[in-house]
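Observations on the model geometry
If you want the building blocks of each chain, they are given just below.
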Amino acid sequence: MSQTGRIELLDPSGNRKYLNAQERQRFKEAAIKQDGEVRTFCLMLYWSGCRISEALAVHDMRISFEDQAVVIETLKKRKGGVYRQIPLPSQFLDELNLVHRIKTNRKKKNHKSERLWNWSRRTASRRIEEVMQAAGIEGVQGSAKGLRHSFAITCLQKGIPLNMVSKWLGHSRMETTAIYANALGEEERDIASRLWG
């Protein structure tokens with residue numbers, strides 16, 4: 001975000017602050033090669049577009065296998081208790097269950113809901129940085145925020161309605177999400193190509 005609070009897709013030097021399609025794919029491939037919890041954490045950010053702090057707050061009872069979704073508390077709101085549901089691919093839900101033993105733990109008597117990742121924010125950021133390095137992604141875009149930005153742009157490229165993208169990202173104003181329609185380069189060309197076909 002800029003000093004005005006607006007999302008900016010370029011830094012003050014004109015560098016892209018989001019992963020392009022190739023970098024996004026490389027991040028996913030590098031994440032898949034990681035061990036259990038690191039893999040699922042990286043893929044949670046990849047598939048949901050949530051913020052690091054929001055992913056760290058996810059506990060096992062917020063994974064809905066019935067709805068095939070994760071329930072995220074929107075932590076950027078001034079008040080707590082604001083939630084959003086984000087659909088997740090079934091194969092990722094299976095992996096979450098396998099790594100974190102969600103269904104098995106829920107069957108235990110007196111089970112208390114537990115966070116999936118018991119890391120500090122700094123540790124989580126380091127894990128993302130390590131996977132970005134393994135994927136050969138350098139620069140300002142090689143961050144959790146760059147991954148979140150690329151999630152929004154990818155959604156728009158795939159024709160997901162702006163109101164759904166806004167809901168999934170936890171934006172309170174559609175105008176905030178609309179900034180992602182200002183994607184540049186290949187992403188902008190891909191969006192424009194829908195007019196030409």
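Residues numbered from 1 in each chain as written. Predicted model: local features only at pLDDT ≥ 70, side-chain atom pairs only at ≥ 80, totals over all residues. Heavy atoms only, no water.

On to the packing of aromatic side chains. Evaluated as defined, the whole model comprises 3 aromatic pairs. Ring geometry for Tyr-46 and Trp-47: centres 4.9 Å apart, planes at 90 degrees, overall edge-to-face. By way of ring pairs, the aromatic residues Phe-41, Trp-117 and Trp-119 are connected into one cluster. Across the ring face of Tyr-46, the terminal group of Arg-24 is positioned such that the distance to the ring centre comes to 4.0 Å. It is Lys-103 that lies over the ring of Phe-65; its NZ or CZ is 4.6 Å from the centre. (Phe/Tyr/Trp six-rings, centres within 6.5 Å; stacked < 30°, edge-to-face > 60°. Lys NZ or Arg CZ within 6 Å of the ring centre and 35° of its normal.)

What follows concerns the packing of helix α1 (residues 21–32) against helix α6 (residues 121–134). Packed helix pairs are characterised by how far apart their axes lie and by the angle those axes make with each other. Put simply, α1 and α6 touch, their axes get as near as 8 Å, and they point 110 degrees apart. In terms of their interaxial angle, α1 and α6 are classed as roughly perpendicular. The two elements α1 and α6 meet at a crossing, and its hand is right-handed. Here α1 contributes Phe-27, Ala-30 and Ala-31 to the contact with α6, which in turn contributes Ile-128, Val-131, Met-132 and Ala-134. Considered class by class, the residues forming the contact of α1 with α6 number 7 nonpolar, no polar and no charged. (Axes fitted to C-alpha atoms, helices over the stretch in contact; angles between N-to-C directions. Helix = DSSP H or I, 4+ residues; strand = E, 2+ residues; numbered from the N terminus. Parallel < 35°, antiparallel > 145°, perpendicular 65-115°, else oblique. Left-handed = near helix turned anticlockwise from the far one by under 90°. Contact = heavy atoms within 4.5 Å. Nonpolar A, V, L, I, M, F, W, Y, C, P; charged D, E, K, R; others polar.)

With that settled, consider the sheet that holds strand β3 (residues 83–87). In space, the 3 strands of this open sheet follow the order β1-β2-β3, with antiparallel pairing throughout. Of all the strands in the sheet, just β1 (63–64) and β3 have a single pairing partner and so form its edges. With 5 bridges connecting them, strand β2 (residues 69–73) and β3 associate as antiparallel partners. By the bridge assignment for β3, Val-70 is matched with Ile-86. (Pairing = 2+ DSSP bridges.)

Moving on to helix α4 (residues 90–100). Those residues of α4 not exposed but buried are Phe-92, Leu-93, Leu-96, Asn-97 and His-100. In an axial view of α4, the angular spread of the buried residues amounts to 145 degrees, which keeps them on one side of the axis. For α4, the exposed residues set more than 90 degrees away from the buried face come down to Gln-91, Asp-94 and Leu-98. Tucked into the core, α4 has its buried residues touching α2 (36–48), β1, β2 and α5 (102–107). At the C-terminal side of α4, Arg-101 shows a positive phi close to 55 degrees. (Buried < 20%, exposed > 50% of the residue type's maximum accessible area, 1.4 Å probe, protein only. Arc of directions from axis to C-beta.)

This next bit is on the nonpolar core. Membership of the largest hydrophobic core comes to 50 residues, with the highest contact counts inside it found for Phe-27, Phe-41, Met-44, Ile-63 and Leu-96. Counting residues per element, the ones that place at least two in this core are α1, α2, α3 (52–56), β2, α4, α6, α7 (144–157) and α8 (162–169). If we skip the residues at most four places from it in the chain, Phe-41 touches Ile-52, Ala-55, Leu-56, Trp-117, Trp-119, Ala-124 and Ile-128. (Core = buried A, V, L, I, M, F, W, Y, C linked by side-chain atoms within 4.5 Å.)

All right, on to the packing of α2 against α7 then. Two numbers describe how α2 lies on α7: the axes approach to 8 Å, and their chain directions differ by 35 degrees. Taken together, the residues of α7 that come into contact with α2 (itself represented by Cys-42, Leu-45, Tyr-46, Trp-47 and Ser-48) are Ala-144, Leu-147 and Phe-151. By residue class, the composition of the contact of α2 with α7 is 7 nonpolar, 1 polar and no charged.

Here the focus is the pattern of salt bridges. Applying the stated criterion across every chain yields a total of 8 salt bridges. Glu-23 is the partner of Arg-16 in a salt bridge, and the nearest nitrogen-oxygen pair spans 2.7 Å. Taking relative accessible area as the criterion, Arg-16 reaches 25% and is therefore assigned partly exposed. The exposure class assigned to Glu-23 is buried, which follows from its relative accessible area of 7%. (Salt bridge = Lys/Arg side-chain N within 4 Å of Asp/Glu carboxyl O.)

All we've got here are geometric facts, nothing functional implied.
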